[in-house]
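# Inside the fold
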Amino acid sequence: MLRKPLLLAARSAACRRIVERTPLTRAMVHRFVAGEDLDSALPAVRDLAGDRLVTLDFLGEDTRDLAQAEATVRAYEELLAALGEAGLGDRAEVSVKLSAVGQFLDRDGEKTALENARRIAGAAAAIGTTVTLDMEDHTTTDSTLGILRELREDFPSAGAVLQAYLRRTEADCRDLSGAGSRVRLCKGAYDEPESVAFRDKHEVDRAYVRALRVLMEGEGYPMVASHDPRMIAIAGELAAANGRGADDHEYQMLYGIRDEEQVRLAGEGKRMRVYVPYGTEWYGYYMRRLAERPANMLFFARSLITR
Ligand code: FAD
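In this text the structure is predicted, and so the values were computed from the model without any measurement.

Next up on the list: the site of the ligand. Around the ligand, the structure places 24 residues, and the nearest of them are Asp134, Cys186, Ser226, His227 and Gln252. Where the shell around the ligand is concerned, the elements lending two or more residues are β4 (160–163), β5 (182–186), β7 (250–254) and α12 (283–292). Per element, the largest residue contribution to the shell around the ligand is three residues, and it comes from β7. Of the residues assigned to the shell around the ligand, the class counts are 11 nonpolar, six polar and seven charged. Taken domain by domain, the makeup of the shell around the ligand includes at least three residues from each of domain 1 (1–32 + 283–307) and domain 2 (33–281).

Shown next, in the form of structure tokens:
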């Protein structure tokens, strides 16, 4: 019931101003966001990298401003240089939203996003790591996959994200299941219309399993991004049935969610990667996390009432 309004609020500038001004929000945001700058995020990354892998997201999305897109690219370059200096090139990669690096600019948006993604992928390659392009709402899927195709010509290890709730995704999994292809499969975090997406939770779960089967049977590298114990168990079964060892696939979860399960999976020798967001542009990301779990919202509301 709360999911739709929260996802609408995630895109509202007025709601953003209210939430950002709420004094208690900051403490709550820190459950999901590692810090507002690189210096505060790096200690969390070092801690996690002891037993887990990491992908870092410099928060930002939907920019219409070329200077802001450029600032985001520079932040990624700075981040990657810092990861290299910290000797974390083999433990950490980066996740990038194309809408943060120019995809929505009125003039030459896609061209700018591709050039910027190339710069970030180049900086990643220089320290021995790679980049994964996050997936945003369905209006961007074709554009993002087109940019990924071009990016992979120079940086073949660049990864994609596919969202199981989209009706097209099983076919996209087939297209992206070839050798060398890295695909993160998630359920999907946006409010999508029935015409393009499954909206019933059970239907989404079934679609997730179908898409995962395609990826596990393929020749690429599946990245199982879910906190759902059933999806994780099924992923293990599909990996075993397809003769995949621990190095042939990985599990991914978000920073601050099911930490004990992350530790448990890593302790079993599985490749476990944590998605670590940081930066001041946390609003959209935070609202999507609230929308995923009503209990998060109730906790938030209770804190506002009792403060
Ligand atoms: P659900 O059925 O939603 O949740 C299963 C269980 O996990 C819940 O019962 C609860 O215990 C726990 N849980 C799930 N979410 C939360 C939460 N917010 N707070 C507390 N507990 C929670 N989506 C995109 O659209 N594009 C992307 O690029 C993208 N990248 C992602 C990268 C990673 C590494 C991960 C893990 C997710 C990503 N997502 C992305 C989000 C994803 O689409 C889902 O919205 C989110 O992961 C919740 O789905 P779930 O598979 O965990 O299953």
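Right, let's get into the domain arrangement of the protein chain. You can read the domains of the protein chain as domain 1 (1–32 + 283–307) and domain 2 (33–281). For domain 1 versus domain 2, the separation of C-alpha centres amounts to 23 Å. The interface is formed by 13 residues belonging to domain 1 together with 11 residues belonging to domain 2. Listed by contribution, the elements that provide at least two residues to the side of domain 1 that touches domain 2 are α1 (3–9) and α12. With six residues, α12 is the largest single contributor of residues to the side of domain 1 that touches domain 2. When its residues are assigned to classes, the side of domain 1 that touches domain 2 shows seven nonpolar, two polar and four charged.

At a minimum axis separation of 9 Å, helix α5 (residues 66–85) and helix α6 (residues 109–126) run at an interaxial angle of 10°. Between α5 and α6, the angle falls in the class roughly parallel. On the side of α5, the interface is formed by Ala69, Val73, Tyr76, Glu77 and Leu80, while α6 contributes Thr112, Asn116, Arg119, Ile120, Ala123 and Ala124. Among the residues forming the contact of α5 with α6, the class breakdown is seven nonpolar, two polar and two charged.

Quick look at the UniProt feature "binding site: FAD" (unreviewed entry) in the protein chain now. The feature "binding site: FAD" (unreviewed entry), as given by UniProt, occupies Met135, Gln163, Lys187, Gly188, Ala189, Lys201, Ser226 and His227 in the numbering adopted here. Classification of alanine 189 by C-beta neighbours within 10 Å gives buried; the count is 22. Apart from the residues within four sequence positions on either side, alanine 189 is in contact with Arg288 and Glu292. For histidine 227, a count of 17 C-beta atoms within 10 Å translates into the label partly exposed. Histidine 227 has contacts with Met253, Ile257 and Arg258, leaving out every residue within four places of it along the chain.

With that settled, consider the UniProt feature "binding site: substrate" (unreviewed entry) in the protein chain. According to UniProt, the "binding site: substrate" (unreviewed entry) feature falls on Lys97, Arg288 and Arg289. Within the secondary structure, arginine 288 is located in helix α12. Assessed through the 18 C-beta atoms surrounding it within 10 Å, arginine 288 is described here as partly exposed. In this structure, arginine 288 is in contact with Leu7, Ala10 and Ala189, ignoring residues within four places of it in sequence.

This brings us to the nonpolar core. Ranked by size, the top nonpolar core spans 88 residues in total, and within it Val45, Ala117, Ile120, Leu185, Ala211 and Val276 carry the most contacts. Each of domain 1 (1–32 + 283–307) and domain 2 (33–281) gives at least three residues to this core. Excluding anything up to four places from it in sequence, alanine 117 contacts Val96, Leu98, Val101, Leu133, Ile147 and Leu151.

Reading guide: rules and limits
Numbers given to residues run from 1 along each chain, matching the order in which its sequence is written. Reporting in this predicted model follows two pLDDT cut-offs: at least 70 for local features of residues, and 80 or more for side-chain atom pairs to be given and counted; totals over whole chains, interfaces and linings ignore these cut-offs and use all residues. What makes a residue near a molecule or strand is its C-beta atom, placed from the backbone, lying within 6 Å of it. Elements are defined by DSSP. Helices are runs of H or I of four residues or more, strands are runs of E of two residues or more, and each kind is numbered from the N terminus. Only Asp, Glu, Lys and Arg are considered charged in this grouping, and only Ala, Val, Leu, Ile, Met, Phe, Trp, Tyr, Cys and Pro are considered nonpolar; every other residue, Gly among them, is considered polar. Delimitation of the domains relies on an automatic or database domain assignment. By the criterion used throughout, residues are in contact when their C-beta atoms, derived from the backbone, lie within 7 Å. Whenever a helix is involved, its axis is fitted only over the stretch in contact; in every case the axis is a line through C-alpha atoms, and angles between N-to-C directions fall within 0 to 180 degrees. Any angle that falls under 35 degrees is termed roughly parallel, while one over 145 is termed roughly antiparallel, one within 65 to 115 roughly perpendicular, and all others oblique. UniProt positions are given in the numbering used here, feature names are shortened, and annotations may be inferred rather than shown by experiment. Every C-beta atom is placed from the backbone, and the number of other C-beta atoms within 10 Å of a residue's own sets its class: buried at 20 or more, exposed at 12 or fewer, partly exposed in between. What makes a nonpolar core is a set of buried Ala, Val, Leu, Ile, Met, Phe, Trp, Tyr and Cys residues, with links drawn between C-beta atoms within 7 Å.

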